[in-house]
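# Residue-level structure breakdown
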Amino acid sequence: MKPSELLELKAKQSGIEYPQMTVTELLEKNNGGHLDDVAIKYYGNNITYEQLFKKIDEYNRAFASYGIQKGDYVSVCLPTIPESIYIFFALNKIGAKFHTILPTATTEQIVEILQHNKSKMFITLDSLYYRVGEAIQLMDVPYKVKVSANNSLPPIIKQIKQLSDLLKKETYKNIPLDFLAIKQFLKNGNGYSTISNPWKSGDIAAVTNSSGSTARNKGTKLTDYGFNAMVCNYQKALTDVHRGQSFHSCIPVLYSTGLSNSVNLPLQLGLPTILEPIFDKNVYPERFMKNKPNLSIVPVPHAKALLDYLRKVYKENNAKNKDMLSFVDVFSVGGSHMPIPWEEELGFYLEYYGSSSAIGKGYGLSEHNSALTISTKKMIGAAGIVLPGVIFGIFDSVTGEELDFGQEGQIRAISPCDMAGYFNNEALNEAYFQTDENGKRWGHTGDIGRLELIDGEVWLFYSGREKEIININGNDILLPKIQAKIFECDLIDDCELVVIKQDDDNHPVAHIVLKNGSISAEEILKKLHELFKNHENLEPYAYKIHDSLPVLISGKVDKPLLSSELNDYIKHAGERVKNISFY
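Residues numbered from 1 in each chain as written. Predicted model: local features only at pLDDT ≥ 70, side-chain atom pairs only at ≥ 80, totals over all residues. Heavy atoms only, no water.

## Description of the overall build of the chain
Helix and strand content of the chain: 17 helices and 29 strands. Here the C-alpha atoms of the chain give a radius of gyration of 24 Å, agreeing with the 25 Å that 2.2 N^0.38 yields for 583 residues. For the chain, the C-alpha atoms occupy an extent of roughly 80 × 60 × 55 Å along the three principal directions. The buried share among the 583 residues of the chain stands at 55%. (Helix = DSSP H or I, 4+ residues; strand = E, 2+ residues; numbered from the N terminus. Rg over C-alpha atoms; globule rule 2.2 N^0.38 Å. Buried < 20%, exposed > 50% of the residue type's maximum accessible area, 1.4 Å probe, protein only.)

Written as structure tokens, this is what we have:
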């Protein structure tokens, strides 16, 4: 039996019935009997489900007062704050589409989006206006609303924040008058009735950004059915998760992973959701230790920041606070591949400091509502157990034949959470979703990996992206395999591989961060050269040493930036180090 056949059988046996209703209807169904439970925690402000539902309806009536109807687009550029949650569910109740726009998008990109979605309203944070304002003013968006991150803060914290903004002169007085303050927007909804449109198959709930490593992210159209199916799949898999456990939501709501996995999922499961509007790996460990969440889903750079923090604590006094991580029930990492040394070391600290959680890894793509695998079990190097209802197949890139367990090839996926398609890109839709001779519509992920059957569970092991395969001297090499080899050196703390082309040759170069900054270039290159002694075809052409690697707003390493760096590389040359640059 091929892997896909076994997974198809498992999906049929799962017994999951996916709700045919809007996302907001499911939220009300799941939590209507728990109105006093805390839904959202925001800097000391505890918002119950009863308060959440009232806010959703208040925003719903305000949208109705401005003529927002089923099928309309509303463009949103907000961090993860209570207002962004109210807006999403309020629009969903109407049947309108929540279209997220990144603050890093260029004016041209925003204008292109607004041209095609014909957005009826644009909502942004007042402090983000200066990044997106030019694009908004170029377009004829009927209504524009500004929100402050202070709105939902407790009174005393709000006063401190407003005083701080005043001292910094961050008063945003230059925002055009046609921008409605959120209070005025809500006030205009007084006297209007709440709109609740029925669910219809194929309805789009949101258009969100992928968190890919390319400079320009793609909009993915996510359906009510897909959101609800994702919740049901996780419910089936997370048998030890129960109402009342707290969840730390640190991934921005502008990404599908943030909206689906870090906002909608915990709220649907009745988990008090701690909102973190500041998506910064440097402040994450402090916020994590202060909030003490029972469950977390974090990108790899945030997990690495926590690892660095725990290293420091352990080095300074490893005998104290042996239970300081006992609050951690589930700690999941995703978004990109986590190097095995980091996984092993972070797992050690979690156990040492009292957590019962293994490092759970998840694999998902925006195209599948960011939900394909999950794991709370220890399995070093794996990308998780395939979620109920999801079907994977591993295929030979040349013959297109499905491969068996243990064989590496192209990863393809089928999921009830699949997107409706890319926003305004039919050609890309046809390239991503392809139907085989048996009528199965596979998502071509562009990834390489293998499936393993272990104790009755199907595990996915991720190897890298197809586009990371390069030809060097006639050999096809997968860059992550070079990276994994470099991580075997105990002097390396971080590493990323990119390719620089020169004279029609592909040169893989390694950007590295050292554990000990006092190590000489000669010493590190000598050790790395020895490491590749029996793997000459894998050795990078050159190296560049950094204090830390640059990251994108999504939290992933900024590979385009690293690829543009052409100077200050070093190369092993016999007994000496050679400095080189590219042109």
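From this point on, the discussion continues.
## Regarding the pairing of strand β18 (residues 409-414)
With respect to burial, β18 is a largely interior element, six of its six residues being buried. Note that strand β17 (residues 391-395) and β18 share five bridges and pair antiparallel. Counted as the bridge partner of isoleucine 394 is isoleucine 411 from β18. Bridge count between β18 and strand β21 (residues 441-454): five bridges; the pairing is antiparallel. Directly across from glutamine 410, in β21, lies its bridge partner isoleucine 448. (Pairing = 2+ DSSP bridges.)

## Let's talk about the pattern of salt bridges
Once their charged atoms are close, side chains differing in charge can pair, the charge on each being opposite to the other. Under the defined criterion, the tally for this structure stands at 26 salt bridges. Lysine 2 is the salt-bridge partner of aspartate 404, the closest N and O atoms lying 3.1 Å from each other. Note that aspartate 404 is positioned in the loop between β17 and β18 and lysine 2 in the segment before α1 (3-13), a separation of 402 residues in sequence. Overall, the relative accessible area of 36% leaves aspartate 404 in the partly exposed class. The exposure class assigned to lysine 2 is partly exposed, which follows from its relative accessible area of 25%. When salt bridges that share partners are traced, they join Lys304, Asp308, Arg311, Glu345 and Asp493 into one network. (Salt bridge = Lys/Arg side-chain N within 4 Å of Asp/Glu carboxyl O.)

## Brief notes about the sheet that holds strand β9 (residues 219-223)
An order of β7-β6-β5-β3-β4-β8-β9-β19 is seen for the eight strands of this open sheet, with the pairing classed as mixed. Each edge of the open sheet is held by one strand with a lone partner, namely β7 (179-181) and β19 (421-422). Pairing of strand β4 (residues 97-100) with strand β8 (residues 204-209) involves two bridges; the strand directions are parallel. The residue of β8 that forms the bridge with phenylalanine 98 is alanine 206. Lying over the sheet, helix α6 (residues 129-138) contacts β3 (73-77), β5 (121-125), β6 (143-147) and β7, oriented at roughly 165° with respect to β5. Sheet strands in contact with helix α10 (residues 256-268) are β4, β8 and β9, and its direction is about 120° off that of β8. (Contact = heavy atoms within 4.5 Å. Axes fitted to C-alpha atoms, helices over the stretch in contact; angles between N-to-C directions.)

## Some points on the environment of histidine 529
Here histidine 529 is to be found in helix α16 (residues 521-531). Given a relative accessible area of 31%, histidine 529 falls into the partly exposed group. For the pair histidine 529 and alanine 573, spaced 44 residues apart in the sequence, the C-alpha separation amounts to 9.8 Å. Histidine 529 has contacts with Glu539 and His572, leaving out every residue within four places of it along the chain.

## Notes on unusual backbone geometry
One non-glycine residue, asparagine 369, lies in the positive phi region at around 60°. Considering the arrangement of structural elements, one finds asparagine 369 in the loop between β14 (359-361) and β15 (373-374). With a relative accessible area of 0%, asparagine 369 lands in the buried category. Not every positive phi belongs to a glycine, and aspartate 503 is a case in point at roughly 55°. Turning to its location among the elements, aspartate 503 is positioned in the loop between β25 (492-502) and β26 (505-514). Using a relative accessible area of 56% as the deciding quantity, one classes aspartate 503 as exposed.

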